[in-house]
Amino acid sequence: MLALKNIKKSYQLGDIKVPALKGIHLNFREHEFVSILGPSGCGKTTLLNLIGGLDHMDSGDLIIDGVSTQHYKDADWDKYRNDAVGFVFQSYNLIAHLSVLDNVAMALTLSGVSKKERLTKATQVLKEVGLEDQLHKKPNQLSGGQMQRVAIARALVNDPKILLADEPTGALDTQTSTSIMDLIQSLSSQRLVIMVTHNPELAQTYSSRIIQLKDGEVINDSHPYTFDPQPVSRKFKNVSMSFMTALSSSFKNLKTKKGRTLITSFAGSIGIIGIALVLALSSGMESYVSRIESETLAGFPLQLNQNVVLNDLSQRPAEVFQPTETSNATQGSVVDSNSENVSHVNVFDEQAMAMIQSIDSQWINSMTFQRNIQLNVATMVNSTPTVVNTTLRSGMGPLASNQSLFFELPHDASFVLSLYDLVAGEYPTQSNEALFVIEDDSTLDQEVVNALHLSISNPFEFSQLLNHSYTFVAHDVLYEVRDGLVSTQTLNETVFNDERNQSLTIVGVVRLKEDAGSSFLNVGIGTLPSFNEAYFTQAQNSAVAQLQLDNEETSVLSGLPFNSFNTYEAALKTIGADLTPQSVLIYPKDFNSKTLIKEAFTTYNEGVKDEQQLIVTDIAQTLSSTISSLISTITLILSAFAAISLVVSSIMIGIITYVSVIERTKEIGIMRSLGARKKDIARIFNAEALIIGLFAGILGISLSYGLLIGVDALIESLLGVASFSSLSLMNASMLISLSAGLTLIAGLFPSQLAAKQDPVVALRTE
Ligand code: ADP
Ligand code: MG
């Protein structure tokens, strides 16, 4: 059944070829106990390894079951080893981290036997070799004789046709040797046993045939066998180790090296921790910013100003603005900032007003129209009605601007109070009630105090500002129209007390909150929209306004003709005949609404001529887009660092897997001798890398969550923002997979290296 034909094998030692076998012819019977005798170095082990399919001959043929093995592929040898051959070595070659039972069951895992059957079969074989009470011990807890029995049990568990034993008693005392030899002899009744020994007495006593080897040649055969090999139809079982088996084997191995596995995993987890922290903090930062945006910035109005300077090129109407192409880095171009190219006039005509009024009321808190209409305000100073200056000229030179001391408040009180602290009195609720806004630093400019005729001490109590009253003199009271002529009344008690006038009393004082992003109210007196509505309506309906409407040539107030500075249109607005606003402030409900409103304007602008477009200014946007681009830059940089640490830790895991391969070389040899394929070996190390990667990932994520608690506490104490970071479970599980994936990749090279190990060389290593 087994025949060797002119087998030759030599080893390459540097430049020279050392012949180990010089043409061996041997036939073996199906059941016999053959001893191979010979001095050390004569080629006994080499011969045995060739018979067992562990090593391959240079020339000649090995005939198994009448079939030449010359065309055997790796897979065929693996199957042959696993199914037909059992190996017993002088040095037992047990896997140290597996129990006695698992060592024996190992051979069965390779032939794809179910776990239950594996354990039953392994237990049974161990019973046969007399070790039924040692099943769960580790090899190093056994005596030499016991270890060799385990090795024999392992060799027998697949019920092989051939048992190969390489000096099985070489390391044992005489008494133990005898019992082992008894065992092996009893096995030879069922199968072919080929035993290598250098002990002639043992060979004489136990074996049925003695072959003597010297310098790689057979010099004597006590019981030669000649037969004409007939092909026997016989198929070996397929060898396969499932990935689950590889996993559980690797897991058992790692369990025996807890400390190292932990350190490796920790090293591997550092990269994951880095990425997790960056992810958690940047997403925390993003949600923090968007919260600020929607809570604070979104509350800032969208402005529709009459004159818009288009800083953002993309806002400019395409047909109007054609930028000069600059072809290189040394060229610039001159633009006229007063030309239409860079500025735009929002025209509030009927169509525009209809558009503005049609904005969904669900999106806005309030809408404020700012008008240029002249306010005629008076107040009592020392029992005398006195005119109040409603505007202040602030700033100097060309930067000077008119600042109105009276302005309309947004509809929504809670919006104002989200940014302003009420420092005295109450928020106005009636249309004749007003709110005083003081400077952020609790000061008031002397000019303001003078203009508004405030009787306050210095320093002043906020409550001193309360109860000051102002009277808005009605147009029909101030301007008397008779026969097409206007006579402006002098301010006296009669005019002041006319019941058509509207009075206003300060009932509350506010100041900007310390942590508010920026302000949106001037210093001065804020009135409710209902108050303004009433005042504007009386102005529009007044006789003087009607008179001006009919006279396009001269101002009815001054009697002067209109020119390019004092236009008819401006006069209509000043007098209140034309209520077209100077600017419109739209206060969106939230960030989302703001976006929707802007989109509505974009849509509107697409449908009208360039000069009819309504260009919206969003101060908050510039701020938030700067912040978000800053955040993404920071995130990118941090991610790069984290990615580097991830790569470094993957490489480290690769190196540690490589060390593990080196350490387990012997085990690889044993596995191969049991019929493991190269693939199975690779699988074991891949599984190990995968386990470490998974563990590193889980460890990294757990540590990250732990660290984030600390980071959050720190941020809360510094910024006052609770639970800042956010590491979603989805990101966490993604990172764990990433860790597993990367370590798997890092382990690929070492595991391929393991797979390529020559089993014979592997078995020789100590
Ligand atoms: P034995 O088992 O009879 O002691 P071996 O079969 O182990 O002998 O070795 C036979 C000869 O082949 C020896 O000279 C040994 O040095 C040589 N040899 C065995 N294996 C190798 C190897 N892997 N590389 C180089 N030489 C080897
Ligand atoms: Mg040897």
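Residues numbered from 1 in each chain as written. Chains lettered and ligands numbered in written order. Predicted model: local features only at pLDDT ≥ 70, side-chain atom pairs only at ≥ 80, totals over all residues. Heavy atoms only, no water.

Draft legend 1. Expanded view of the pattern of salt bridges. One pass over the full model with this rule turns up 18 salt bridges. The salt bridge partner of glutamate 663 is arginine 260, with a shortest N-O separation of 2.9 Å. Taken together, the residues glutamate 663 in helix 19 (residues 619-663) and arginine 260 in helix 9 (residues 258-295) connect sequence positions 403 residues apart. Accessibility expressed as a relative area gives 29% for arginine 260, which makes it partly exposed. With its nearest N and O atoms 3.1 Å apart, the salt bridge here joins lysine 594 to aspartate 618. Of this pair, lysine 594 sits in helix 18 (residues 591-606) while aspartate 618 sits in the loop between helix 18 and helix 19, and the two are 24 residues apart along the sequence. For the pair lysine 594 and aspartate 618, a shared accessibility class is recorded, and that class is buried. Where salt bridges share partners, they join Arg29, Glu32, Arg209 and Asp221 into one cluster. (Salt bridge = Lys/Arg side-chain N within 4 Å of Asp/Glu carboxyl O. Helix = DSSP H or I, 4+ residues; strand = E, 2+ residues; numbered from the N terminus. Buried < 20%, exposed > 50% of the residue type's maximum accessible area, 1.4 Å probe, protein only.)

Draft legend 2. Broad picture of the pairing of strand 14 (residues 364-370). Along strand 14, 5 of the 7 residues are buried, which leaves the element largely enclosed by surrounding structure. Taken together, the 6 bridges between strand 14 and strand 27 (residues 583-588) define a ladder with antiparallel strand orientation. If you follow threonine 368 over to strand 27, its bridge partner there is leucine 585. (Pairing = 2+ DSSP bridges.)

Draft legend 3. Region of interest: unusual backbone geometry. Proline 459 follows asparagine 458 through a cis peptide bond whose omega is -5 degrees. Its place among the elements puts proline 459 in the loop between helix 12 (446-451) and strand 22 (469-472). With a phi angle near 50 degrees, aspartate 159 is a residue other than glycine that sits in the positive phi range. Within the element layout of this structure, aspartate 159 appears in the loop between helix 5 (144-156) and strand 7 (162-166). With a relative accessible area of 53%, aspartate 159 lands in the exposed category. Positive phi outside glycine occurs at histidine 453, with the angle close to 55 degrees. Within the secondary structure, histidine 453 is located in the loop between helix 12 and strand 22. Overall, the relative accessible area of 28% leaves histidine 453 in the partly exposed class.

Draft legend 4. How the structure looks around the side chain of threonine 379. Along the chain, threonine 379 turns up in strand 15 (residues 377-381). On the basis of relative accessibility, which here comes to 6%, the residue threonine 379 falls in the buried class. Within the structure, the side chain of threonine 379 is placed 2.7 Å from the backbone oxygen of serine 469, a separation counted as a polar contact. (Polar contact = N/O pair within 3.5 Å; in protein donor to acceptor, adjacent residues only side chain to side chain.)

Draft legend 5. The arrangement of the sheet that holds strand 4 (residues 59-64) in detail. The strand order across the open sheet built from 4 strands is 2-1-4-5, with neighbouring strands paired in antiparallel fashion. With one partner strand each, in any of the chains shown, strand 2 (16-28) and strand 5 (67-68) form the two edges of the open sheet. Across 5 bridges, strand 1 (residues 2-13) lies against strand 4 in antiparallel orientation. Across the sheet, residue alanine 3 finds its bridge partner in strand 4, namely isoleucine 63.

Draft legend 6. Seen up close, the site of ligand 1. Near ligand 1 you find Tyr11, Ala20, Pro39, Ser40, Gly41, Cys42, Gly43, Lys44, Thr45, Thr46 and Arg764, and these make up its full shell. At a separation of 2.7 Å, an oxygen atom of ligand 1 approaches a polar backbone atom of glycine 41. At 2.6 Å from an oxygen atom of ligand 1 is found a side-chain nitrogen or oxygen belonging to threonine 45. Burial of ligand 1 by the protein chains amounts to 73% of its free accessible area of 550 Å². Counting residues per element, the shell around ligand 1 draws most heavily on helix 1 (residues 44-51), at 3 residues. Partitioned by chemical class, the residues of the shell around ligand 1 number 4 nonpolar, 5 polar and 2 charged. (Near = heavy atom within 4 Å. Areas by Shrake-Rupley, 256 points an atom, 1.4 Å probe, with all protein chains shown as cover. Nonpolar A, V, L, I, M, F, W, Y, C, P; charged D, E, K, R; others polar.)

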